[in-house]
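Take a look at the letters that make up each chain.
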Amino acid sequence: MKEKIGNDKVVLGLSGGVDSTVAAVLLNKAIGKNLYCIFVNNGLLRKNEFQSVLDQYKGMGLNVKGVDASKRFYDALAGLDDPEAKRKAIGNAFIEVFDDEAHQLTDVKFLGQGTIYPDVIESVSATGGPSATIKSHHNVGGLPDFMKLKIVEPLRMLFKDEVRRVGATLGIDPELLGRHPFPGPGLAIRILGDITLEKVAILQEVDAIFINGLKEHGLYDKVWQAGAILLPVNSVGVMGDERTYEKVVALRAVESTDGMTADWVHLPYEFLMKTSNEIINKVKGVNRVVYDISSKPPATIEWE
């Protein structure tokens, strides 16, 4: 944080995750009422997450505004199926939303972000060229010229485990600090191919069954990150006496300390069987469930 903030206002994007929450609490302690937090619904969040996250921040002393910009993001993603194109479209839409919100305030000079070190490493090529870039993170890479804000990133040089220790020192709820990482672009990069309302709805239901199941079986805190991926393939199945040709979903659960490397988690077979049966029986449009047993490297934690 090279710039001195002084009495200038900071607008910060909250996601409900560990990084942005710790960044917000840190900045709130430093500048108090001059911090304006915005939680954007990009239409790509988990099931019921927009309202639950807003409720979560009540009582934390943060000034939070919820903005439903779902249509803006779906419009930006229309027809896109390339992972990098989707990430950049989402990043640009976020910037536009925050620029609109910042213009509703006076004396806003800074954009606060919960960027952490793995985000920076994966977004920047070690050779200075594009070839070594793993993937773009929407909160890395600077702002466009039209946005007259400077960036403040209090966590930029920290790893996830270090961020959690900072959060614990600040007295943040352990349950919030233990929340799994969730990608900034949301379910858009867990849906391989183009994005539609129908696909998002399917994946939200699958994800809810998987994550709630992990919590109910005491497995959630033993996993670094978990989620479901909607694959761009259909498979033949049988439901009753009927032949089906429906979607395939992959479940992913990894263990890690900093997100730079990760191993797949050996979830109990009984749990996987129960979860698979529940997904197929309850989520219309899915007839096959697979479990991802790839480690990072060579695979990344997310599929896109």
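Notes on the structure in this doc start here. (Residues numbered from 1 in each chain as written. Predicted model: local features only at pLDDT ≥ 70, side-chain atom pairs only at ≥ 80, totals over all residues. Heavy atoms only, no water.)

## Overview of the overall build of the protein chain
Along the backbone of the protein chain there are nine helices and nine strands. A total of 304 residues make up the protein chain; the buried ones form 51% of that total. Relative to all contacts within the protein chain whose residues are 6 or more apart in sequence, the contacts with residues 24 or more apart total 73%. Element-wise, carbon and sulfur atoms account for 52% of the exposed surface of the protein chain, whose accessible area totals about 14,900 Å². (Helix = DSSP H or I, 4+ residues; strand = E, 2+ residues; numbered from the N terminus. Buried < 20%, exposed > 50% of the residue type's maximum accessible area, 1.4 Å probe, protein only. Contact = heavy atoms within 4.5 Å. Areas by Shrake-Rupley, 256 points an atom, 1.4 Å probe, with all protein chains shown as cover.)

## Examining the packing of helix H3 (residues 70-77) against helix H4 (residues 83-103)
Running from N to C, H3 and H4 cross one another at 145°; their axes reach a closest spacing of 9 Å. Both H3 and H4 take part in a crossing whose hand is right-handed. Along its contact with H3, which presents Arg72, Phe73, Ala76 and Leu77, the element H4 presents Lys86, Ala89, Ile90, Ala93, Phe94, Glu96, Val97 and Asp100. The class makeup of the residues in the contact of H3 with H4 is eight nonpolar, no polar and four charged. (Axes fitted to C-alpha atoms, helices over the stretch in contact; angles between N-to-C directions. Left-handed = near helix turned anticlockwise from the far one by under 90°. Nonpolar A, V, L, I, M, F, W, Y, C, P; charged D, E, K, R; others polar.)

## Describing the pattern of salt bridges
Applying the stated rule across the entire model yields 18 salt bridges. Its salt-bridge partner being Lys58, residue Asp55 comes within 3.5 Å of it at the nearest N-O pair. A salt bridge links Asp75 to Lys71, with the shortest nitrogen-to-oxygen separation between them at 2.8 Å. Pair noted here: Asp75 and Lys71 are both in helix H3, with a separation of four residues, about one helical turn. Residue class for Lys71 comes out exposed when judged on its relative accessible area of 61%. One network of salt bridges, in which partners are shared, links Arg72, Glu96 and Asp100. (Salt bridge = Lys/Arg side-chain N within 4 Å of Asp/Glu carboxyl O.)

## Let's talk about the sheet that holds strand E1 (residues 9-14)
Reading across from one edge, E3-E2-E1-E4-E5 is the order of the five strands in this open sheet, with parallel pairing throughout. Of all strands in the sheet, those bounded by a partner on one side alone are strand E3 (64-68) and strand E5 (150-152). Going across the sheet, the axis of each strand differs from the next one's by a mean of 30°, ignoring polarity. In the sheet, strand E4 (residues 108-112) pairs with E5 via three bridges, with the strands oriented parallel. Looking at E5, one finds that Gly112 is bridged to Val152. Packed on one face of the sheet, helix H1 (residues 18-31) meets E1, strand E2 (35-41) and E5 and runs near 160° to E1. (Pairing = 2+ DSSP bridges.)

## Structural notes on the pairing of E3
Alignment of E2 against E3, held across five bridges, turns out to be parallel. Within the sheet, the bridge partner assigned to Val40 lies in E3 and is Val67. Each parallel crossover has a hand, and for E2 linked through helix H2 (residues 49-57) to E3 it is right-handed. (Right-handed = clockwise from strand over helix to strand, strands pointing away.)

## Re H3
For H3, the complete set of buried residues consists of Ser70, Phe73, Tyr74 and Leu77. An end-on view of H3 places all buried positions within 100° of arc, on one side of the element. Here the buried face of H3 lies against E2, E3, H4 and helix H8 (197-216). Taken from the residues just after H3, Gly79 is the one with a positive phi, measuring 80°. (Arc of directions from axis to C-beta.)

## As for the nonpolar core
Formed by 49 residues in total, the largest nonpolar core has its most connected members in Val206, Leu214, Leu267 and Ile279. Examining the composition of this core, we find that eight residues originate from one element, H8, more than from any other. (Core = buried A, V, L, I, M, F, W, Y, C linked by side-chain atoms within 4.5 Å.)

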